[in-house]
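Coordinate analysis (summary)
The residues making up each chain are set out below.
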Amino acid sequence: MKDLERAVVVVVGKDRTGILAEVAGEIAKVRGNVINVDQTVMDGFFTMTMIIDILNMECTVDVLEQSIKEKLEGFNVKVMHENIFDAMHTI
């Protein structure tokens, strides 16, 4: 039995209050779990990368991505399964 099935969430846009909370809330709604977060604000731009556990998630990563995009209008949002992320970064 697997302990974790992970996905990567990337969010980029103009900084404002509550971005991390909104993304985490959307993940929690579908029973995903945030494992790790790295965020930075540079010159007014917010960038965040999350690793989330999707083993018990009640939707696909595509559905989660869409729900986050709807919550964060105007932000660049990408959610991808770790297998796809790994394949993209393997030579």
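The notes below deal with the structure included here. (Residues numbered from 1 in each chain as written. Predicted model: local features only at pLDDT ≥ 70, side-chain atom pairs only at ≥ 80, totals over all residues. Heavy atoms only, no water.)

1. Comments concerning the nonpolar core
Defined as follows: Among buried residues, the Ala, Val, Leu, Ile, Met, Phe, Trp, Tyr and Cys ones that are joined through side-chain atoms within 4.5 Å form a nonpolar core. Between buried and exposed lies partly exposed: a residue is buried under 20% and exposed over 50% of the maximum accessible area for its type, with that area taken using a 1.4 Å probe on protein chains only. The secondary structure listing takes helices from DSSP runs of H or I that are at least 4 residues long and strands from runs of E that are at least 2 residues long, numbered from the N terminus. What makes two residues a contact is simply this: any of their non-hydrogen atoms within 4.5 Å.
Counting residues in each nonpolar core, the largest one holds 20 residues, and the members touching the most others are Val9, Val11, Val23, Ile52, Leu64, Ile68 and Val79. Counting residues per element, the ones that place at least two in this core are β1 (6–14), α1 (19–29), β3 (45–53), α2 (61–71) and β4 (76–81). In terms of residues, this core owes the most to one element, β3, which gives 4 residues. Filtering out sequence-adjacent residues up to four positions away, Ile68 remains in contact with Val9, Val23, Glu26, Val77 and Val79.

2. Quick look at the packing of α1 against α2
Our working rule: Orientation is described by lines fitted to C-alpha atoms, with helices fitted over the stretch in contact, and by angles between N-to-C directions that extend from 0 to 180 degrees. Each crossing gets its handedness from the near helix: less than a right angle anticlockwise from the far helix is left-handed, clockwise is right-handed. Three residue categories are used. Nonpolar comprises Ala, Val, Leu, Ile, Met, Phe, Trp, Tyr, Cys and Pro, charged comprises Asp, Glu, Lys and Arg, and polar comprises the others, including Gly.
As a packed pair, α1 and α2 sit with axes 10 Å apart at the nearest point and diverge in direction by 145 degrees. For the crossing formed where α1 meets α2, the hand is right-handed. Between α1 and α2, the residues in contact are Glu22, Val23, Glu26 and Ile27 and Leu64, Ser67, Ile68 and Lys71, respectively. A per-class count over the contact of α1 with α2 returns 4 nonpolar, 1 polar and 3 charged.

3. Focus on the pattern of salt bridges
We apply this condition: A side-chain nitrogen of Lys or Arg and a carboxyl oxygen of Asp or Glu constitute a salt bridge if their distance falls within 4 Å.
Per the counting criterion, the structure on display carries 5 salt bridges. Glu26 serves as the salt-bridge partner of Lys29, at 2.9 Å between the closest nitrogen and oxygen. Taken as a pair, Lys29 and Glu26 lie in helix α1 at a separation of 3 residues, close to a single helical turn. Across the pair Lys69 and Glu65 runs a salt bridge, and its minimum N-O distance is 3.1 Å. In this pair, Lys69 and Glu65 are both assigned in helix α2, 4 residues apart and thus about one turn of the helix distant. The exposure class of Lys69 is partly exposed, given its relative accessible area of 33%. The exposure class assigned to Glu65 is buried, which follows from its relative accessible area of 10%.

4. A look at α2
The test is simple: To be clear, the arc concerns the directions from the helix axis to the C-beta atoms.
Taken as a whole, α2 has its buried residues at Val61, Leu64, Glu65, Ser67 and Ile68. Viewed along the axis of α2, the buried residues span an arc of 165 degrees, placing them on a single side of the element. Summarising the geometry of α2, the exposed residues directed more than 90 degrees from the buried face are Asp62 and Glu70.

5. A short note on unusual backbone geometry
In this structure, Arg31 takes a positive phi of about 70 degrees despite not being glycine. Relative to the helices and strands, Arg31 resides in the loop between α1 and β2 (33–42). For Asp43, which is not glycine, the phi dihedral falls at a positive 50 degrees. Of note, Asp43 is situated in the loop between β2 and β3.

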